[in-house]
Amino acid sequence: MTSIAVPLRTTATVRSNWFTQTGQVTRRWLISSIRQAWGPMMSLIQPVIWIVLFGQVFHSLGSLPQFGTTGYIDYLVPGILMMTVLYSGAWAGTGSIDDINSGVMDQYLTSPIARSAIITGQLLQQLAINLAQSLVVLGIGWLAGARYPGGLGGMLVALGVATLLATIFCCCSTAVALMSRSQIALISLSQLIVLPATFLSTTMMPAALMPDWVRDVSRGNPMTWAVELGRGGLSGTYPDAGWWQVGGLVVLAVLAFTWAVRSIRAYQRAM
C-alpha cells in the first residue's frame, strides 16, 4: 500500500493566510470608502462646528485658574479629537448591517476565511479613516488658535490614544450590529451611549468645575482617560494616572475585539 503525502499547514502558513485574508477584507472596505467618500468627509463638519462654536462661546472660560495658562481652545481640541473618533466608531457597525442585508456577510461566513480576519479587516479600514479625521481635527484646531507644546511626539501620543478609543467603540458597535441586526437598534443604542460618555467626562470642562457626582462618574469614564491622555500629549504635561489609564484603554480594546469576534461566530451559529 502506498502512502499519500498530505501537506501540513504550518503555523507560518496559517499566519500568512490570516494576514492575506485580513488584507483582502481591508482592501474591500477601503475601496467602498473611496467610492462613498462623502460619508467620512461629512463627519468632519461636526468637529469643525464644535471647535469654532464652543471655542468662541466658551472662550472667556480660558481665563479661569482651572485652565492654567492655556486658553480654552487649547483645552478643547483634544476633547474634540476624541469626540470625533467616538462618534465615528459608534457608527462602525452600520457597515456590518449593510453586509447582512445585502448577503455579503453570508458569503463571508460560507467561505474559508477566519472570522477574526473579517472583524480585523473592517476595523483597520475604520482606524485608517479615524486617523485621517484626527489629523484634520488637529489641523483645524491649529488654524483656530490651538498650539501643541508636546510637539510631534505628543501628537503621536494623542493619535495613538485616539486609535485605542476608536478600536473600543468600533468593535463594540460591530458586536451590537451582529447581535441586533438592526440599524434602528444600533443607532438608538449609540446615541444612548455617546452623549453621556461625552458630557460625563472632561471633554468640555475640567473636573474641578463639575458637580461632585459628575466628577466621580468621569473618573471611571474611558472617554475621560482618552481625553486626559491626549491633552497631556499635546500639552507635553501628562496626567499622574496616565499609565493605568493607558492600561485600562488597552484592556477595554482587547475585550471589545474579543466580543466582536464572538458575536460574528454567534451570528454564524444562528444562521
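Everything below is about the structure printed above this text.
Here's a quick rundown of the structure. Note that the coordinates shown come from a computational prediction; the quantities given were computed from them, not determined experimentally.

### Here we look at the overall build of the protein
A count of helical and extended segments in the protein gives 12 helices and zero strands. Start at the N end of the protein and walk to the C end: the helices and strands fall as α-α-α-α-α-α-α-α-α-α-α-α. When each of the 271 residues of the protein is scored for burial, the buried share is 45%. Just so you have it, the protein exposes about 14000 Å², and 68% of that area is on carbon and sulfur atoms.

### Notes on the packing of aromatic side chains
Counted by the stated rule, this structure contains four aromatic pairs. Residues W142 and Y148 carry aromatic rings whose centres are separated by 6.1 Å and whose planes lie at 50 degrees to one another, so their mutual orientation is tilted. Y148 gets classed as buried once you look at its relative accessible area, which sits at 13%. Centroid distance W225 to W244: 5.3 Å. Interplanar angle 75 degrees. Geometry classified as edge-to-face. A residue pair is termed long-range when its members are at least 10 positions apart, and W225 in helix α11 (residues 222-235) and W244 in helix α12 (residues 242-269) qualify at 19 residues. Note that R147 overlies the ring of W142, its terminal NZ or CZ placed 3.9 Å from the centroid.

### Some thoughts on the packing of helix α4 (residues 72-90) against α11
At a minimum axis separation of 9 Å, α4 and α11 run at an interaxial angle of 135 degrees. Considering the angle they form, α4 stands oblique to α11. Between α4 and α11 lies a crossing of right-handed hand. Between α4 and α11, the contacting residues are Y75, P78, G79, M82, M83 and L86 on the first element and M223, A226, V227, G230, R231 and L234 on the second. Of the residues assigned to the contact of α4 with α11, the class counts are nine nonpolar, two polar and one charged.

### Side note on the side chain of S96
Tracing the chain through its elements places S96 in helix α5 (residues 93-102). Here S96 falls in the buried class, since its relative accessible area comes to 1%. Apart from the residues within four sequence positions on either side, S96 is in contact with W29, M105, Q122, T174 and A177.

### Brief notes about the pattern of salt bridges
Counted by the stated rule, this structure contains four salt bridges. Residue R28 is joined to D99 by a salt bridge in which the shortest nitrogen-to-oxygen separation is 2.7 Å. Here D99 lies in helix α5 and R28 lies in helix α1 (residues 11-35), a separation of 71 residues in the sequence. According to the relative accessible area criterion, R28 is partly exposed, its value standing at 29%.

### Thoughts on the packing of α4 against helix α9 (residues 183-199)
Put simply, α4 and α9 touch, their axes get as near as 10 Å, and they point 165 degrees apart. What the angle tells us is that α4 and α9 run roughly antiparallel. As α4 runs across α9, the sense of the crossing is right-handed. In this structure, α4 uses M83, L86, Y87 and A90 to contact α9, whose residues at the interface are L186, S190, V194, L195, A197 and T198.

### Describing the nonpolar core
Residues I80, M82 and M105 are the most contacted members of the largest nonpolar core, which totals 62 residues. In this structure M105 touches S96, D99, I100, L178, I264 and Y267, once residues within four positions along its chain are discounted.

### Quick word on the side chain of S218
Among the secondary structure elements, S218 is positioned in helix α10 (residues 212-219). A polar side-chain atom of S218 sits 2.7 Å from the main-chain carbonyl oxygen of R215. Sequence-distant contacts of S218, that is, excluding residues within four places in its chain, are made with L200, S201, M210 and T224.

### Re the environment of I264
Tracing the backbone shows I264 in helix α12. Accessibility expressed as a relative area gives 0% for I264, which makes it buried. Put simply, I264 and L178 are 86 residues apart on the chain and 6.2 Å apart in space, counted from C-alpha to C-alpha. Excluding its chain neighbours within four sequence positions, the residues that come into contact with I264 are M105, L109, R115, I118, I119 and L178.

What counts, and where the lines are drawn
Residues numbered from 1 in each chain as written. Predicted model: local features only at pLDDT ≥ 70, side-chain atom pairs only at ≥ 80, totals over all residues. Heavy atoms only, no water. Helix = DSSP H or I, 4+ residues; strand = E, 2+ residues; numbered from the N terminus. Buried < 20%, exposed > 50% of the residue type's maximum accessible area, 1.4 Å probe, protein only. Areas by Shrake-Rupley, 256 points an atom, 1.4 Å probe, with all protein chains shown as cover. Phe/Tyr/Trp six-rings, centres within 6.5 Å; stacked < 30°, edge-to-face > 60°. Lys NZ or Arg CZ within 6 Å of the ring centre and 35° of its normal. Axes fitted to C-alpha atoms, helices over the stretch in contact; angles between N-to-C directions. Parallel < 35°, antiparallel > 145°, perpendicular 65-115°, else oblique. Left-handed = near helix turned anticlockwise from the far one by under 90°. Contact = heavy atoms within 4.5 Å. Nonpolar A, V, L, I, M, F, W, Y, C, P; charged D, E, K, R; others polar. Salt bridge = Lys/Arg side-chain N within 4 Å of Asp/Glu carboxyl O. Core = buried A, V, L, I, M, F, W, Y, C linked by side-chain atoms within 4.5 Å. Polar contact = N/O pair within 3.5 Å; in protein donor to acceptor, adjacent residues only side chain to side chain.

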